[in-house]
Structures are given as structure tokens and as C-alpha cells.
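Structural features, examined
Okay, here's what each chain looks like letter by letter:
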Amino acid sequence: MIQLILKGEYKANEPLLPERELAVHFNVGRPTIREVLQRLERDGWVTIRNGLPAIVNDYWKHGNLMTIVNILNSYEEIPDEFIHYVLELRIALTPAYVIDAVHHHPLKVISLFASLEDLKDDATAYANFDWELQQNLAGLASNPIYLLILNSFKEVFLRMAEKYFSEPKHRQLARDYYEDLLKTLFQKEIEKTEITIKDMMKKSLEIWRIRTKASEPNEG
């Protein structure tokens, strides 16, 4: 049903079929349809109405974190535009929890880079390293919501990261960033650490923009 909404077959602000017809369409029982509709309502996809068919929501306005996860899990290959959106989100989010972690646990933050020298030069290794690094940094921050947000994106994060790190130059850029970040941590220059993080997040987004633009078919 989510895929049908994403494809526009079920349009925002329009009613779904009645439960009985949905059950026939998907070849399941009505209790299953009710359970599905309840889950869809919980994640912002529809609004259930007593005695009337559910209404399809504008999921960008009514959704939540799980809505984003639902969207991305509906694709075999994550669309470039969603990677773009997440990279934009990282510009605002990542510096906040990293600096928080550095303020409270500077030595523990440095220890998270202990395995950097043994990091294999392949997409999967970099994706796993970056995920574990971000997860641990968020876990060291004083605000537990940072980690809750990241945990909601685990599978999606790993899939996106593998796609991003499939480019060798992206892996090299990440390694340079990790090393630059470590230098600022050893020097105990918090402001420089924050600038390094923000610059890297912006650079990642710009590189992705260039990559996606280059992959677009030429007109004419």
C-alpha cells in the first residue's frame, strides 16, 4: 500500500477503497487490512475514519521518522534525492551530537578511531565503520534523542552509505576527514572540531550533487 501511495495510485486527500474491497484486492482478511491501516495511520500515511474509508495523507506533512524509513525501505535502490536529503540533515545534526560527545567524553571519542588504520578500502567496510562511529558518538552525547534518531535509520543509513562509499574518491575523502578530525581532538580545539565536521558535511553534499548531476541524461 505504501508503494501504491508513493506511485500516486492512492493520491493524497483522497479516500482509499473500503476495507472489504481492500481485503479482496490484496487477497487477505479484513482483520489484516484493519491492522495494516492502523500501522499506516501511526506512521502518518492515512487517517482512519469511523464508518468511512481511510483518507490518504500528504505523508510529508503528517509523517514521522518511521515514514521516512518506510519510504526508503520501499525501494530496492535508494533514490539519489533521498541521499541528498539525508546529507542535508547531517549538516545540522552531526556537529551537534559530536560536539556534545567531545565536551563530555573527549578521550572516549578519540578511542572510537582506534580501528581506523585497519579499515579496508571497500564500500561495505567504510559504511560499517562510519555507522558505528556515528552511533557511538551519538551514544556519548548527553542528549539520548540523538541516538534514537540514528537508530531509526540504521538499515537505511547502511544502504545509503554503501552507495555513497562505492566511489573510491568518497572513501579517500572520508579517511582524510577522520584524520583531520582526530588532529583537532588531540589539539583540544573544540571550535576547530566543529568547523571540520560542518565543512565535511557540506563537502559530502556538494560531491553528491555533482555526482547525481553527472549521471543525469543529457537533453537533446
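Notes on the structure follow.

What counts and how
- Residues numbered from 1 in each chain as written.
- Predicted model: local features only at pLDDT ≥ 70, side-chain atom pairs only at ≥ 80, totals over all residues.
- Heavy atoms only, no water.
- 1 Å grid on protein atoms, 1.4 Å probe; cavity = no way out; pocket = protein on both sides within 12 Å on 5 of 7 lines; lining within 4 Å.
- Points joined across faces, edges and corners; volume = space filled by probe spheres on them.
- Helix = DSSP H or I, 4+ residues; strand = E, 2+ residues; numbered from the N terminus.
- Nonpolar A, V, L, I, M, F, W, Y, C, P; charged D, E, K, R; others polar.
- Phe/Tyr/Trp six-rings, centres within 6.5 Å; stacked < 30°, edge-to-face > 60°.
- Patch = residues over 30% accessible without salt bridge, like charges linked within 9 Å, V, L, I, M, F, W, Y side chains within 5 Å.
- Areas by Shrake-Rupley, 256 points an atom, 1.4 Å probe, with all protein chains shown as cover.
- Salt bridge = Lys/Arg side-chain N within 4 Å of Asp/Glu carboxyl O.
- Lys, Arg positive; Asp, Glu negative; His and termini not counted.
- Charge placed at Lys NZ, Arg CZ, Asp CG, Glu CD.
- Buried < 20%, exposed > 50% of the residue type's maximum accessible area, 1.4 Å probe, protein only.
- Contact = heavy atoms within 4.5 Å.
- Core = buried A, V, L, I, M, F, W, Y, C linked by side-chain atoms within 4.5 Å.
- Pairing = 2+ DSSP bridges.

Turning our eyes to something else, we now look at empty space enclosed by the protein. Enumeration over the complete set of coordinates arrives at two cavities of 30 Å³ or more. Along its surface, the largest cavity is lined by 16 residues, and Leu87, Arg90, Asp130, Tyr164 and Phe165 are the ones closest to its centre. Contributing elements (two or more residues each) for the lining of the largest cavity: α6 (80-104), α10 (154-164), α11 (168-186) and α12 (190-215). Among the residues making up the lining of the largest cavity, the classes are represented as 13 nonpolar, one polar and two charged. Lining the second largest cavity, in full, are Val86, Leu89, Arg90, Leu93, Thr94, Tyr97, Gln134, Ile149, Leu150, Phe153, Phe157 and Met160.

This next bit is on the packing of aromatic side chains. All told, the structure shown has ten aromatic pairs when counted by the stated rule. These aromatic residues form a ring-pair network of at least three members: Trp45, Tyr59, Trp60 and Tyr85.

Taken together, the side chains of Glu117, Asp118, Asp176, Glu179 and Asp180 present a region of like negative charge at the surface. Looking at the element boundaries, Asp118 is found in the loop between α7 (106-111) and α8 (123-140).

Bringing the environment of Met1 into the picture now. Tracing the backbone through its elements, the reader meets Met1 in the segment before α1 (2-6). A residue is classified by how much of its surface remains accessible, and Met1, at 18% relative accessible area, is buried. Residues Met1 and Phe26, 25 residues apart in the sequence, show an inter-C-alpha distance of 9.3 Å. When neighbours within four sequence positions are excluded, Met1 is seen to be in contact with Tyr10, Leu16, Leu22, Phe26, Val36, Leu37 and Leu40.

Okay, the nonpolar core next. Counting 66 residues, the largest nonpolar core has Leu16, Tyr97, Phe165 and Tyr178 as the members making the most contacts within it. Beyond its immediate chain neighbours, meaning those up to four positions away, Phe165 contacts Ala123, Tyr126, Ala127, Asp130, His170, Arg171, Ala174 and Tyr178.

Moving on, we come to the pairing of strand β2 (residues 52-56). Pairing of strand β1 (residues 46-49) with β2, which is carried by three bridges, proceeds in the antiparallel orientation. Each residue of the ladder has a partner; that of Val46, found in β2, is Val56. Counted between consecutive antiparallel strands, the loop separating β1 from β2 contains two residues, among which Gly51 sits at a positive phi close to 80°.

What follows covers the environment of Met66. Looking at where Met66 falls in the secondary structure, it is placed in helix α5 (residues 65-73). With a relative accessible area of 36%, Met66 lands in the partly exposed category. When the C-alpha positions of Met66 and Asp43 are compared, they lie 5.9 Å apart, and in sequence the two are 23 residues distant.

Right, let's talk about the layout of surface pockets for a bit. As a volume, the largest pocket reaches approximately 170 Å³. Forming the boundary of the largest pocket are 13 residues, of which Glu19, Arg49, Leu52, Pro53 and Ala54 lie nearest the centre. Broken down by element, the lining of the largest pocket gets its largest block of residues, three residues, from β2. Here the residues of the lining of the largest pocket sort into nine nonpolar, two polar and two charged. Here the second largest pocket is characterised by a volume of approximately 150 Å³. Looking at the second largest pocket, the residues that line it are Ile2, Glu35, Val36, Arg39, Leu40, Arg42, Asp43, Trp45 and Asn70. Tallying contributions element by element places helix α3 (residues 30-42) first for the lining of the second largest pocket, with five residues. Taken together, the residues of the lining of the second largest pocket break down into four nonpolar, one polar and four charged.

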